[in-house]
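Analysis of the macromolecular model
These are the residues of each chain, in order.
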Amino acid sequence: YGNYYSWLADEYKRKRQLLIEALEIAGMTPIVPNGGFFIMADTSHVEFPYEDIASTQRTPAMPGYNVGEKMPRDWALARWLTQEVGVTAIPPSAFYSKDFHLAKDMLRFAFCKKDETLIQAKDRLKDYFS
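Since the structure is predicted, the reported quantities are computational estimates derived from the model, not experimental observations. (Residues numbered from 1 in each chain as written. Predicted model: local features only at pLDDT ≥ 70, side-chain atom pairs only at ≥ 80, totals over all residues. Heavy atoms only, no water.)

1. With respect to helix α1 (residues 4-25)
Between the first and last C-alpha of α1 there are 32 Å, a value that for 22 residues agrees with the 32 Å anticipated at 1.5 Å per step. Of all the positions in α1, only Glu11, Lys15, Arg16, Leu18, Leu19, Ile20, Ala22 and Leu23 are classed as buried. Next to the buried residues of α1 lie β1 (29-31), β2 (38-42), β3 (106-110) and α4 (115-129). Regarding α1, its N-cap is Asn3, as a side-chain oxygen of that residue lies 2.9 Å from the backbone nitrogen of Tyr5 further along. Backbone geometry just after α1 places Gly27 at a positive phi near 85°. (Helix = DSSP H or I, 4+ residues; strand = E, 2+ residues; numbered from the N terminus. Expected span 1.5 Å × (residues − 1). Buried < 20%, exposed > 50% of the residue type's maximum accessible area, 1.4 Å probe, protein only. Contact = heavy atoms within 4.5 Å. Polar contact = N/O pair within 3.5 Å; in protein donor to acceptor, adjacent residues only side chain to side chain.)

Right, here's the structure in full:
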């Protein structure tokens, strides 16, 4: 490499590819960014017990809590992935003050992680979804 930044850019591209492969194994469709440390993924084809989670795990931190809304799908899926699969994502609806339903089929994943963490996430997703 000619310099540190060229090496760093290639490192993050490699890590991004590891995460893309992991998400695809789980039936998600990654939206591949040109930069940054996060990948958004379309989760509309991922099946999980949404109604059970949405009705039993409401939390004051979720969007819509103060107006009696049901837990958003992305929020419930992020909780379920963490609890059942051992892979944590960020629900994009957390960034919305209103219209949070627009993010219902999306999750945000970080790839600025150690290789071991990304490989473990890939293995967990493969074990659960394959």
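2. Re the packing of aromatic side chains
Taken as a whole and assessed by the stated rule, the structure comprises 9 aromatic pairs. Look at Tyr4 and Trp7: their rings are 5.8 Å apart centre to centre, the planes differ by 35°, and that puts the pair in the tilted class. Highlighted residues: Tyr4 and Trp7, both in helix α1, separated by 3 residues, approximately one helical turn. You can call Trp7 partly exposed: its relative accessible area is 36%. Note on Tyr128 and Phe129: the rings are 5.1 Å apart at their centroids and 70° apart in plane angle, and the pair reads as edge-to-face. (Phe/Tyr/Trp six-rings, centres within 6.5 Å; stacked < 30°, edge-to-face > 60°.)

3. Concerning the sheet that holds β1
The 3 strands are arranged β1-β2-β3 in an open sheet whose pairing can be described as antiparallel. Every interior strand has two partners, whereas the edge strands, β1 and β3, have only one. Between one strand axis and the next, the sheet turns through 35° on average, direction left out of account. (Pairing = 2+ DSSP bridges. Axes fitted to C-alpha atoms, helices over the stretch in contact; angles between N-to-C directions.)

4. Brief notes about the nonpolar core
Grouped together as the largest cluster of nonpolar side chains are 31 residues, with contacts concentrated most on Met28, Leu81 and Phe109. Of all elements in the fold, only α1, β2, α2 (50-56), α3 (73-85), β3 and α4 reach the threshold of two or more residues within this core. Sorting elements by how many residues they give to this core places α3 first, with 7 residues. Those residues in contact with Leu81, other than ones at most four positions away along the chain, are Met28, Gly86, Val87, Leu107, Phe109, Leu125 and Phe129. (Core = buried A, V, L, I, M, F, W, Y, C linked by side-chain atoms within 4.5 Å.)

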